[in-house]
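Listed here are the chains, written in short residue letters.
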Amino acid sequence: MSKRCFVVMGYGIRYDLSSKKKINLDAIYRDIIKPAVTACDYECIRGDEVLDSGLIDESMYYGILESDLVVADLTTLNPNAIYELGVRHGVKRFRTIIMMESGDKFFFDLNHNRTLTYTYHKNKKQYSEEVEAVKDRLTKIIQEIDKYEQIDSPLYKFVPDLNEPQRLNKESIANKGIEPLYKRIKEATDLRKMKHFEEAYGLFKKLSEEIPSDPYFKQQMALCAYKSKKPSEAESLDLAESILKPISETIDPETNGLLGAVFKRKFFITGLRDYLVEAIKYYKQSYNLFVDYYTGENYAFCLLLKASKEEDTEVKEELRAIARHIYREVYNSFKSYNEEEVNTEYEIWQIASLASCTLALGKEDDSKKYEISFLEKADAMMKSSYFEQKVKLLELLK
């Protein structure tokens, strides 16, 4: 393959605040974009696959400028992807394709650009059907572009007498660097999953230093820090807080959810009510941004905790009523899942949350059913964490 396609998009599993979905961008790339591109005889390279050694930004610019084709998926409205699309439109008049999840809101300035939209489904059958349909549409668009070049950059459409910039140094991105970014992310993630938190922390820290604009690496640093409980649990929580606080003003449910977890744990080891108040604040912010079982369940749980410390009967009952409302809302939002489609850790924890929510709502038979399903799929650490919180919940429900 002598032709190259550079793919501009986010990576990993990300919250999409527009569509209210948690979207696996790696799956979209793996199942739709890469197969369609390679079927058209292009070498397909995503930004995190570029060889890099501290040259990530430089490699990205080379990829945008040198590539014969660019596919830009703007799903989750990733600011880096939007910026990189703008760079491509500034340097190339032809051969740029825009994709987006159908629930995302269009940008006014891109309304006149043809955009390939798709619907991200959690259901495996629906997802598979959508993958085949969108892959076919993307393949046809690439084939059409290969046959008939049409200006797709708004800049060159409206200012047609502009000339594309030309590089003096023709060095290829293929000669840049040492190891692809995605391999380093996978190595750090695998270490975290194996509970090697200190090693994973070090790798995520290096990635964060190289790509400071992406909060994901700081979130992973904080997660590894507080899970490690080293040099002591209190110090690990302080470190996690110091990592997350500077990015807490961003509209990111993950950051707020992690801060809620940090302050909840601080409350348990110190008993200081100020920490509980902070936990409630961050869980609430996260839940309001994105209705998620994890933040919802923990928001409700912390409200019950706060109610247990209140002496004012009216305030106590008000907190318990709000908690019950949140438990019911989480239960109604996530009860319609397919048992056969529970594979990931995220989906297994969803069943644990349903067990907790139904327990809090007095649906003991349902709670038992969800608990049995969870225990069949969970690992030892997940089970331990679940039962630790269940014991506390039962005490609060008395």
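For the structure, see preceding data.
Student: Give a description of the pairing of strand β3 (residues 21–24) that names residues and reports values.
Tutor: Sheet topology note: the strand β2 (residues 13–16)/β3 ladder contains 4 bridges and is antiparallel. Each bridged residue has a counterpart across the sheet, and for Tyr15 the counterpart in β3 is Lys22. Here β2 folds back onto β3 in antiparallel fashion, the turn holding 4 residues, of which Lys20 has a positive phi close to 60°.

Student: Quick one: what's the story with the nonpolar core, residue by residue and with numbers?
Tutor: Residues Phe204, Phe217, Tyr226, Tyr327 and Phe374 are the most contacted members of the largest nonpolar core, which totals 68 residues. Broken down by element, the residue count for this core peaks at 9 residues, all from helix α12 (residues 293–309). Tyr226 has contacts with Ser236, Leu237, Ala240, Leu258, Ala261 and Val262, leaving out every residue within four places of it along the chain. Among the nonpolar cores identified, the runner-up in size contains 29 residues, and Ile28, Leu69, Ile97 and Tyr120 belong to it.

Student: So what's going on with the sheet that holds strand β7 (residues 96–101)? Which residues, and what values?
Tutor: Sheets are built from strands paired through backbone hydrogen bonds, the pairs being either parallel or antiparallel. Taken in spatial order, the 5 strands line up as β4-β1-β6-β7-β8 in an open sheet, and their pairing is parallel. Strands with a single pairing partner mark the edges of an open sheet, and in this sheet they are β4 (42–46) and β8 (115–118). If you compare each strand with its neighbour and ignore which way they point, the axes differ by 20° on average. Of the pairings in the sheet, the one linking strand β1 (residues 3–8) to strand β6 (residues 69–73) comprises 4 bridges and is parallel in character. Across the sheet, residue Val7 finds its bridge partner in β6, namely Val71. Its contacts with the sheet place helix α1 (residues 25–39) against β1, β4, β6, β7 and β8, and it is angled at close to 160° to β4. Taken strand by strand, helix α4 (residues 124–147) contacts β1, β4, β6, β7 and β8, and its axis lies near 170° from that of β8.

Student: Can you lay out the packing of aromatic side chains for me, pointing to particular residues and giving the numbers?
Tutor: This model, assessed by the stated rule, comprises 16 aromatic pairs. Between Tyr293 and Phe334 the ring centres are 5.9 Å apart and the planes differ by 85°, which places this aromatic pair in the edge-to-face class. Of this pair, Tyr293 sits in helix α12 while Phe334 sits in helix α13 (residues 313–334); the two residues are 41 residues apart in sequence, bridging distant segments of the chain. A single burial state applies to Tyr293 and to Phe334, both of which are buried.

Student: Describe the pattern of salt bridges, naming the residues involved and giving the relevant values.
Tutor: As enumerated under the stated definition, the model contains 30 salt bridges in all. In this structure, the salt-bridge partner of Lys392 is Glu388, at a minimum N-O distance of 3.4 Å. One end of the pair, Lys392, and the other, Glu388, are both in helix α16 (residues 380–397), 4 residues apart, so they sit about a helical turn from each other. Put simply, Lys3, Arg95, Asp146 and Glu149 are held in one network by salt bridges that share partners.

Student: Could you give an account of a nonpolar patch on the surface, naming the residues involved and the relevant values?
Tutor: Together, Leu155, Phe158, Val159 and Leu162 make up a nonpolar patch on the protein surface, roughly 330 Å² of accessible area in all. As for its position among the elements, Leu162 is in the loop between α5 (154–158) and β9 (179–180).

Student: Let's hear about α12: which residues, and what values?
Tutor: An α-helix turns once every 3.6 residues. As a result, residues three or four positions apart point the same way. Here α12 contains 17 residues, and its C-alpha end-to-end distance of 25 Å stays within 8% of the 24 Å for a straight helix at 1.5 Å per residue. Along α12, 14 of the 17 residues are buried, which leaves the element largely enclosed by surrounding structure. Sitting at the amino-terminal end of α12 is Asp292, which places a side-chain oxygen 3.0 Å from the backbone nitrogen of Tyr294.

Student: Could you give an account of the state of the cysteines, naming the residues involved and the relevant values?
Tutor: For the coordinates displayed, the defined rule picks out 0 disulfides. Free cysteine Cys5: the closest other cysteine sulfur is in Cys44, separated by 4.9 Å.

Student: So, the side chain of Ser356: which residues are in play, and what are the values?
Tutor: As for its position among the elements, Ser356 is in helix α14 (residues 345–360). Judged by its relative accessible area of 6%, Ser356 is buried. Within the structure, Ser356 has its side chain in polar contact with the side chain of Glu297 (distance 3.2 Å). Beyond its immediate stretch of four places on either side in the chain, Ser356 contacts Glu297, Tyr327, Tyr386 and Leu393.

Procedures and definitions
Residues numbered from 1 in each chain as written. Predicted model: local features only at pLDDT ≥ 70, side-chain atom pairs only at ≥ 80, totals over all residues. Heavy atoms only, no water. Pairing = 2+ DSSP bridges. Helix = DSSP H or I, 4+ residues; strand = E, 2+ residues; numbered from the N terminus. Core = buried A, V, L, I, M, F, W, Y, C linked by side-chain atoms within 4.5 Å. Buried < 20%, exposed > 50% of the residue type's maximum accessible area, 1.4 Å probe, protein only. Contact = heavy atoms within 4.5 Å. Axes fitted to C-alpha atoms, helices over the stretch in contact; angles between N-to-C directions. Phe/Tyr/Trp six-rings, centres within 6.5 Å; stacked < 30°, edge-to-face > 60°. Salt bridge = Lys/Arg side-chain N within 4 Å of Asp/Glu carboxyl O. Patch = residues over 30% accessible without salt bridge, like charges linked within 9 Å, V, L, I, M, F, W, Y side chains within 5 Å. Areas by Shrake-Rupley, 256 points an atom, 1.4 Å probe, with all protein chains shown as cover. Expected span 1.5 Å × (residues − 1). Polar contact = N/O pair within 3.5 Å; in protein donor to acceptor, adjacent residues only side chain to side chain. Disulfide = S-S within 2.5 Å.

Purely geometric numbers; function is a separate question.
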